[in-house]
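# Structural description and commentary
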Amino acid sequence: MLTQLTKTFQSYFATTPLVAFAPGRINLIGEHTDYQEGFVFPAAVSQGIWVGIQKNGLTVCRLHSMDFEQEFSFELDFISPKNGHWATYVMGMCALMKQSGYEVNGFDMVIGGNIPVGSGLSSSAALSVAIGTAISGLFEFQIPKKNIVLYAQKSEHLYAGVKCGIMDPYASAFGAKGKALLLDCRSNTHQEISVNLGEYSLMLVNSKVKHSLADSAYNKRREACEESVRILQAEFPQIHTLRDLKNSELEKVEKLLPPTLFPKAKHVITECNRVHDAAGALQTGDLKSFGKLLNASHQSLSIDFEVSCPELDFLAEKAQSLEFVLGSRMMGGGFGGCTINLVKTSELEQFQFIINSSYQQAFQKTPEFILVEIDEGARIL
Ligand code: GLA
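Report follows, based on the coordinates. Because the structure is predicted, anything quoted here is derived from the model rather than measured.

Each value, and the rule that gives it
- Residues numbered from 1 in each chain as written.
- Predicted model: local features only at pLDDT ≥ 70, side-chain atom pairs only at ≥ 80, totals over all residues.
- Heavy atoms only, no water.
- Near = heavy atom within 4 Å.
- Polar contact = N/O pair within 3.5 Å; in protein donor to acceptor, adjacent residues only side chain to side chain.
- Areas by Shrake-Rupley, 256 points an atom, 1.4 Å probe, with all protein chains shown as cover.
- Nonpolar A, V, L, I, M, F, W, Y, C, P; charged D, E, K, R; others polar.
- Helix = DSSP H or I, 4+ residues; strand = E, 2+ residues; numbered from the N terminus.
- Expected span 1.5 Å × (residues − 1).
- Buried < 20%, exposed > 50% of the residue type's maximum accessible area, 1.4 Å probe, protein only.
- Contact = heavy atoms within 4.5 Å.
- Pairing = 2+ DSSP bridges.
- Axes fitted to C-alpha atoms, helices over the stretch in contact; angles between N-to-C directions.
- Phe/Tyr/Trp six-rings, centres within 6.5 Å; stacked < 30°, edge-to-face > 60°.

## Focus: the site of the ligand
Around the ligand lies a shell formed by Arg-25, Glu-31, His-32, Asp-34, Tyr-35, Cys-164, Gly-165, Met-167, Asp-168, Tyr-218, Gly-332 and Gly-333. One nitrogen or oxygen atom from the side chain of Arg-25 is found 3.0 Å from an oxygen atom belonging to the ligand. Interatomic distance of 2.6 Å between a side-chain N/O atom of Tyr-218 and an oxygen atom of the ligand. Computed on the free molecule, the ligand has an accessible area of 310 Å², of which 91% lies beneath the protein chains in the complex. Taken together, the residues that form the shell around the ligand break down as four nonpolar, four polar and four charged.

Spelled out as structure tokens, the structure:
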């Protein structure tokens, strides 16, 4: 990819670029907890986005996307990011950096990547983090990684209309080889935990569906959590988010919330606990318990939080029924994308065969299999 991107850059702009890379992410467990300042357990993968960049001495930025085979240019003094266009991520990051006082000047940029589209590996966060890393590197801004993460999140809020949490850009920026990040989304700090899976491997199954209401449903779930917090504060004045509640308080919570909100609050509260339990199980090498927590997370996301879909339920349930699979659950925002599966390495082929044929039969769709390799976070190459 690096060679290809450099070549493309040279053919378009007749000079050699500085290249930044930012990876996609998986999440072991801890879904829909980040925007409630809870805990998540993501890791960076080897697939990602490459961004080549060079100064052009103009006030214009000229962009080329290798995936879309498209060009785009914009004036730095008239940035107007529009939802739904790939260049919006570049304009969004530029706008936010400029607002923070960084003097971004004209540049040429080529963007390429190898994250399967719609897989739920968070290609948009990787794109924003790669762009931020590239611009910071080119103009020697030395922007702290955490600020690049915050710009990436804000850009998604403002210009893509998704009120996402911090997990995706954080994992892309801070990932470490062979480690998952036990991330506290209140303090925005993390602890690295080694992912030693012994005879097992992590395999993603891309359902190849993304339901059209995914973004609006995501925002609605977030609002439902915020609404629950407002109601609960009457009885629990010290809480700021659902993260502040414990499993032992669920009974009380149930009495206070309407039946439409309680299951959603319950998901967030119990999921935060599962993250800690899963990190503990991973550290002691108790993969069976770890797998059971993945299954419980799926159940909670599907039944209580209602962010799964028939395709994801099918994939998770089918995988869970196989004796050489320790755990399976939907991963990411939901309504499509991937499941994450803990599969015995010696049975990976068998796993693919069974899932492939049963999914095709049930949904007339061919799933995609992605073997996970946990790798380094964003960097200049
Ligand atoms: C998406 C969002 C994240 C997080 C997950 C669900 O990936 O971008 O912030 O909320 O969904 O865990």
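## Overview of helix α6 (residues 214–232)
If you check α6, its first and last C-alpha atoms are 27 Å apart, about what 19 residues at 1.5 Å a residue would give, namely 27 Å. If you check which residues of α6 are buried, you get Ala-214, Ala-217, Tyr-218, Asn-219, Arg-221, Arg-222, Ala-224, Cys-225, Ser-228, Val-229 and Leu-232. Looking at the packing, one finds that the buried side of α6 touches α4 (145–160), β9 (200–210), α7 (250–256) and α8 (262–283).

## What about the sheet that holds strand β11 (residues 336–344)?
With respect to topology, four strands assemble into an open sheet ordered β10-β11-β9-β12, the strand pairing being antiparallel. For this open sheet the edge positions go to β10 (325–330) and β12 (368–371), each flanked by a neighbour on one side alone. Averaged over all adjacent pairs, the angle separating strand axes in this sheet is 20°, with direction ignored. In terms of strand pairing, β9 meets β12 through four bridges, oriented antiparallel. The residue of β12 that forms the bridge with Leu-204 is Ile-370. The strands touched by helix α9 (residues 287–304) within the sheet are β9, β10 and β11, with β10 carrying the most contacts at an inclination of about 25°.

## Considering the sheet that holds strand β6 (residues 107–113)
Here we have six strands laid out as an open sheet, ordered β5-β4-β6-β3-β1-β13, and mixed in their pairing. The open sheet terminates on both sides in strands that have one partner only, identified here as β5 (70–75) and β13 (379–380). Direction of pairing for strand β1 (residues 18–27) relative to β13: antiparallel, over a ladder of two bridges. Residue pairing for β13: Ala-20 is matched across the bridge by Ile-380.

## Here we look at the packing of aromatic side chains
Across all of its chains, the model carries 13 aromatic pairs by this definition. On the numbers, 6.2 Å between centres and 45° between planes, the contact of Phe-314 with Tyr-359 is tilted. With Phe-314 in helix α10 (residues 310–320) and Tyr-359 in helix α11 (residues 348–363), this pair connects stretches of sequence that are 45 residues apart. For Phe-314, a relative accessible area of 23% translates into the label partly exposed. Considering the side-chain rings of Tyr-359 and Phe-363, the 5.3 Å spacing of their centres and the 45° angle between planes classify their relative orientation as tilted. Highlighted residues: Tyr-359 and Phe-363, both in helix α11, separated by four residues, approximately one helical turn.

## Topic: the pairing of β1
With nine of ten residues buried, β1 lies mostly within the body of the structure. Examined bridge by bridge, β1 and strand β3 (residues 42–55) share nine bridges and lie antiparallel to one another. Looking at the pairing, Leu-18 lines up with Ile-53 of β3.

## Remarks on the pairing of β5
Of the strand pairs in this sheet, strand β4 (residues 60–65) and β5 are connected by six bridges, and their pairing is antiparallel. What sits directly across from Arg-62, in β5, is Ser-73. What sits between the antiparallel neighbours β4 and β5 is a turn of four residues, in which Glu-69 has the positive phi angle 50°.

What is shown is where atoms sit, not what they do.
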